Amino acid sequence: MRARLPLQFLIGAAIFAAFALAALVSFLWVPHDVTALNIAAKLAPPSREYPLGTDHFGRDMLSMLMVGARTSIAVAILAVGIGMLAGVPLGLWAAARRGSLIDEIIMRGNDLVFAFPSLVIAILITAVFGPSATNAIIAIGIFNIPVFARVSRGAALSLWTRDFIMAARVAGKRAFRISLEHILPNIANVLIVQGTIQFSLGILAEAGLSYVGLGAQPPTPSWGRMLAEAQTMIYTAPRLAILPGLAIVLAVLGLNLMGDGLRDLLDPRLRRARQ
Amino acid sequence: MIRYLARRLLSLALSLIAASIVIFAVIEVIPGDPAAYMLGLNASPEAVEALRDQLGLNGTAFSRYLDWAGGLLQGDFGQSYTYRVPVAELIGERIQVSLPLAAYALALTVLIAFPVGLIAAARRGRPADWGIMAATQLGIAIPNFWFAMLLVLLFAVKLHWFSAGGFPGWEGGLAAGLKALTLPAIALALPQASILARVMRSSLIDTLHQDYIRTARAKGLTRRQALLRHALRNGLIPVLTIMGLQFSFLLAGAIIIENVFFLPGLGRLIFQAITQRDLIVVESVVMLLVFAVIVVNFVVDIAYGAADPRLRRRR
Amino acid sequence: MFNRLKLAIAALALSASAALAAKDTITLGMVLEPPNLDPTAGAAAAIDEVVYANIFEGLTRFGPDGSILPALAESWEISDDGKVYTFTLHGGVKFHDDTEMEATDVKFSLDRARAEDSTNAQKALFAGIESVEALDPRTVRVTLKNPDGLFPFKMAWGDAVIVAPESIGKAATHPIGTGPFRFVKWVKGDRVEIERNPDYWGAPVKLSHATFKFISDPNAAFAAMMAGDVDAFPNFPAPETLEQFRADPRFRVIVGSTEGETILSTNNKAGPLADIRVRKAIAHAINRQEIIDGAMFGYGTPIGTHFAPHNPAYVDLRALSKHDPELSKKLLKEAGQEGLRLRLMLPPPTYARRGGEIVASQLRAVGIETEITNLEWAQWLEQVFKGKDYDLTIVSHTEPMDIGIYARPDYYFQYDNPAFRDLMDQLNLATAPTRRAAILGAAQAMIARDYVNGYLFQLAKTGVANAKIRGLWENAPTQANDLTGVYWEE
């Protein structure tokens, strides 16, 4: 039983690491320049020169997927960052002042954001500021805020009743310092697990937004847009639509497996802590 | 209880007001003039100005907000700029697609998730559980628009079992309507069913560890009997909560799927309205969706509060 | 009530016979849904694509080859000074609500279109009218401010159709015209249905029922066509799939010409672009054939100026801007604009989005970096067209004979040349065809030599239809899906 838990994590981590590595390598080297179009070589089948063939502009699919991984990962990570940076302090604040007006306002605000249809708001945001990777990050990030606020509040609330926190309060520490020094390190596990999950959701969300043309703009490759552009060619060159789709599925799958493995790994300890 | 109810009602009203202000403000700053969009490339500035006047676009933001919000209170959603019909009429037409689609997808979700989750819980740690968990992981990871595309390719283009999209309308008969919604509902249901099956499994496993289940097992019930007779009912509470969330998600979140299958639903109405700058439609439909979610949350809160007095003080 | 009964019987009889005879209904795919169905109060091409020649008719109309044919006007006479047009209307023409179409309706329609508070998108068509008089029920006299040989052409536009005062108020949602089809219903977001008008004054149409289905997603359009959900898609949005349709005997691919000059519009007043050497450098950096091949999969005709190649007055000026990257680099160096960065704004159509990526890569090859922004139409209209806040954009100008836009210094590409305006003034006064052609030739050369915009290609009309459908328009002299001659081959 215990031996199986890391396996899930390891598989996930291995899959994801492959994408992360591809993304990192793409900064230094790609087989072909993805901004140079070569119309003469369009829709070429896989060959030694183009291991995965070329797309409708004659760009190398492998290079496109590598740089696309970079886009997906960057957007998702930054969106998680926004969610954590804004959400965790809010959650901690609410927990420190539980039952107060502040707590009520923060939690109602959370509910309010949750009540908005996220994709519609993302579309509205890009309608206001124009479509770009940055605005996709903001749109996805905003909806990560209440998730982290809620998770960190919940985890912090259970800690606030614990003896060592009591001790710190008796010692005269302010709520702010207690949150920072005692609560935050102890909820880090939960945040990491949630972060992994939001990360994978972020990759899916980025794919969805680019699919409707609201994510990263050309010539920056993005999996979702590659998929959208390739759809009509699915008969003539099915790999154009299948490869980016598989990339999305695998990256998300890897992250989810990692997240679940992590949770299973951390859960017993958390459960013990709660009792 | 009365005080609790009053507090929750106040908070509900404040939430709705806050939501309406946020929506109006966002819509206000969207660049793009509906009148210019309607008249197109060669339109003269005078014609655009004349149309703006006709549409009531020339006025202060504050007065337009009051007009809109006041109208909403009386159930008047305003008049669409581009279609020139009452927004309520548009919503009425579109909800005939969106509501059944969401319900259909949710029904499929439940139909898949319940047995699958139950089997996984019953066979915890065995190969069946493993297989199910792996399959649901995959189901969550597949983008639904990609899945939808593959469904269309197989069932519409290759096999001709279903049409590739569109909606004939309910007047063509229930069967024809449901048939048109089948592929979209499947595409929507796959990830949701995967999520729900996992929630179901873990919730059942959690309940199986509770004391009363242990008592029941001590009394001689088998694991399976305990699961079906006792755990299932109690384990359903979190499952139902998730289902509530999924329904409101399906109602508004089908935009991309509606595009793939060119269904005239609420999601596509918003999408189209945004690109055509039919802002009054965007405002009203978003507000309606937000309203629905907030009210559902409110009802759930009240129900929980009625069931468990401790919750009234906690939150 | 009795009428409705009559109709129901007629419909019954029709559907009974339809079971035996050839198919007489059709479903047409369209990319954009019309925002409303009143062609006299909106410019959306989608409006005309539903109603033009089907529901609404004007005094004159465009034929499939772009010629001007009589429509509601049986004939017309032009006074010797070219200023007075006297139209004789067909007799016995009824609107779909059973009211008579008479000279007063023509007067109403034209006066309404040119009124101060008119929201007609092509107000300029009516600007030359001095007065309109209804002499008797079948005779209308239009007096112009200046002689205008193109007046019948202007009256053929979808914006100039004849409407009735009783029904125009509801035309946005329930259009009432004189055409061979009448409106049945509009399921918003999905389709518009029309049916044969049994009381039509002209030759009856062969189709009994037609549905326009709105499918904006190219992939969905492809799937719908393949699955047989739509019978024809006259402006098919995915040129890359046409080979597929060509290979399939169930379908016919219809390739024709449109009035759409697809150009790399250039903001002539935006910093470095005010320098003709920079615009010339851009023109020589462009490889038209590569754009046509890459973005349109080979469909399209390269152009060297803002004029349709199928027009007799067209002059081939491509040599002025042939692909020459070395020359571009030299010109940029002369202008001191090495390392130039420009903003390229792209509206939604495929030609712009795909073409834009190719243009960007071609410009990069001569050392111009571009930042691409994809915009929705509404944003494009606001920011580019109205706000002129852009450097480059790609758009197809689909109005017929629209070279006159270069005479508008406040138009979005901000070309300000008095000599050109002078040419257009001469053109408006010229009536002799040879004289007109000469002026048009000079105008084409002037904008090509000034490198106002990058001239890319004439948009092709690429349609897909069931192989058994006959009578669809091959070319697009105006944006329309004229169904009057459409039928199914047995």
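Quick caveat: nothing in here was measured; it's all calculated off a predicted structure.

Draft legend 1. A look at the nonpolar core. With 224 residues, the main nonpolar core has Phe 116, Ile 183 and Trp 223 of chain A, Phe 261 of chain B together with Phe 236, Phe 245 and Leu 483 of chain C as its most contacted residues. When residues in this core are grouped by element, the largest group, 14 residues, is from helix H2 (residues 61-96) of chain A. Excluding its chain neighbours within four sequence positions, the residues that come into contact with Ile 183 of chain A are Leu 92, Ala 156, Leu 159, Trp 160, Ile 165 and Ile 178 of chain A. Core analysis: the next-biggest nonpolar cluster, separate from the first, contains 70 residues, Ala 285, Ala 335, Leu 392 and Leu 459 of chain C among them.

Draft legend 2. Just a positive patch on the surface, in detail. Residue and element names in this part refer to chain B. The grouping of Arg 123, Arg 124, Arg 126, Arg 217, Arg 223 and Arg 224 at the surface amounts to a positive patch. If you trace the backbone, Arg 124 turns up in the loop between helix H5 (87-122) and helix H6 (127-141). The exposure class assigned to Arg 124 is partly exposed, which follows from its relative accessible area of 36%.

Draft legend 3. Geometry of the interface of chain C and chain A. Every contact between the two is made by 21 residues of chain C and, on the other side, 23 residues of chain A. In this assembly, chain C packs against chain A so that about 1,900 Å² is buried in total across both faces, 57% of it on carbon and sulfur atoms. For Glu 357 of chain C, the salt bridge is made with Arg 59 of chain A, and the minimal N-O distance between the two is 3.1 Å. Elements represented by at least two residues in the side of chain C that touches chain A include exactly helix H5 (218-226), helix H8 (288-296), helix H10 (350-365) and strand E15 (369-374) of chain C. Sorting elements by how many residues they give to the side of chain C that touches chain A places H10 of chain C first, with five residues.

Draft legend 4. Fine view of the packing of helix H1 (residues 2-29) of chain B against helix H4 (residues 61-73) of chain B. Residue and element names in this part refer to chain B. Packing of H1 against H4 leaves a shortest axis separation of 11 Å and a crossing angle of 130°. Of the possible angle classes, the one that applies to H1 and H4 is oblique. Seen from above, H1 lies across H4 with right-handed handedness. The segment H1 lies against H4, with Ile 17, Ser 20, Ile 21, Ile 23, Phe 24 and Glu 28 engaging Ala 61, Arg 64, Tyr 65 and Trp 68. Its residues assigned to classes, the contact of H1 with H4 shows seven nonpolar, one polar and two charged.

Draft legend 5. Examining a negative patch on the surface more closely. All names here are of chain C. Together, Asp 97, Asp 98, Glu 100, Glu 102, Glu 166 and Asp 199 give the surface a local cluster of negative charge. Assignment of secondary structure puts Glu 166 in the loop between helix H4 (151-154) and strand E8 (181-187). On the accessibility criterion, Glu 166 (55% relative accessible area) is exposed.

Draft legend 6. Up close: the packing of aromatic side chains. In total, this model carries 32 aromatic pairs over all chains according to the counting rule given. Look at Phe 155 of chain B and Trp 161 of chain B: their rings are 5.7 Å apart centre to centre, the planes differ by 40°, and that puts the pair in the tilted class. With a centroid separation of 6.3 Å and 50° between ring planes, the pair formed by Phe 87 of chain C and Phe 151 of chain C is classed as tilted. Here the residue Phe 87 of chain C occupies a position in strand E5 (residues 84-89), and Phe 151 of chain C occupies one in helix H4, the gap between them amounting to 64 residues. Each member of the pair Phe 87 of chain C and Phe 151 of chain C is classed as buried.

Draft legend 7. Fine view of the pattern of salt bridges. Across all of its chains, the model carries 37 salt bridges over all chains by this definition. Note that Arg 191 of chain C is salt-bridged to Glu 171 of chain B, the shortest N-O span being 3.8 Å. With Arg 191 of chain C in strand E9 (residues 191-196) and Glu 171 of chain B in the loop between helix H7 (144-158) and helix H8 (174-208), this pair bridges two chains. The exposure class of Arg 191 of chain C is buried, given its relative accessible area of 7%.

Draft legend 8. Main features of the layout of surface pockets. Within this model, the second largest pocket holds a volume of roughly 1,500 Å³. Lining of the second largest pocket is provided by 49 residues; of these, Ala 124, Leu 125, Gly 404, Ile 405 and Arg 408 of chain C occupy positions nearest its centre. Secondary-structure elements contributing two or more residues to the lining of the second largest pocket are helix H3 (45-55) of chain B together with H4, helix H11 (377-386) and helix H12 (418-429) of chain C. Of the residues in the lining of the second largest pocket, the class split is 27 nonpolar, eight polar and 14 charged.

Parameters at a glance
Residues numbered from 1 in each chain as written. Chains lettered and ligands numbered in written order. Predicted model: local features only at pLDDT ≥ 70, side-chain atom pairs only at ≥ 80, totals over all residues. Heavy atoms only, no water. Core = buried A, V, L, I, M, F, W, Y, C linked by side-chain atoms within 4.5 Å. Buried < 20%, exposed > 50% of the residue type's maximum accessible area, 1.4 Å probe, protein only. Helix = DSSP H or I, 4+ residues; strand = E, 2+ residues; numbered from the N terminus. Contact = heavy atoms within 4.5 Å. Patch = residues over 30% accessible without salt bridge, like charges linked within 9 Å, V, L, I, M, F, W, Y side chains within 5 Å. Areas by Shrake-Rupley, 256 points an atom, 1.4 Å probe, with all protein chains shown as cover. Salt bridge = Lys/Arg side-chain N within 4 Å of Asp/Glu carboxyl O. Lys, Arg positive; Asp, Glu negative; His and termini not counted. Charge placed at Lys NZ, Arg CZ, Asp CG, Glu CD. Buried area = accessible area lost by both parts, 1.4 Å probe. Axes fitted to C-alpha atoms, helices over the stretch in contact; angles between N-to-C directions. Parallel < 35°, antiparallel > 145°, perpendicular 65-115°, else oblique. Left-handed = near helix turned anticlockwise from the far one by under 90°. Nonpolar A, V, L, I, M, F, W, Y, C, P; charged D, E, K, R; others polar. Phe/Tyr/Trp six-rings, centres within 6.5 Å; stacked < 30°, edge-to-face > 60°. 1 Å grid on protein atoms, 1.4 Å probe; cavity = no way out; pocket = protein on both sides within 12 Å on 5 of 7 lines; lining within 4 Å. Points joined across faces, edges and corners; volume = space filled by probe spheres on them.

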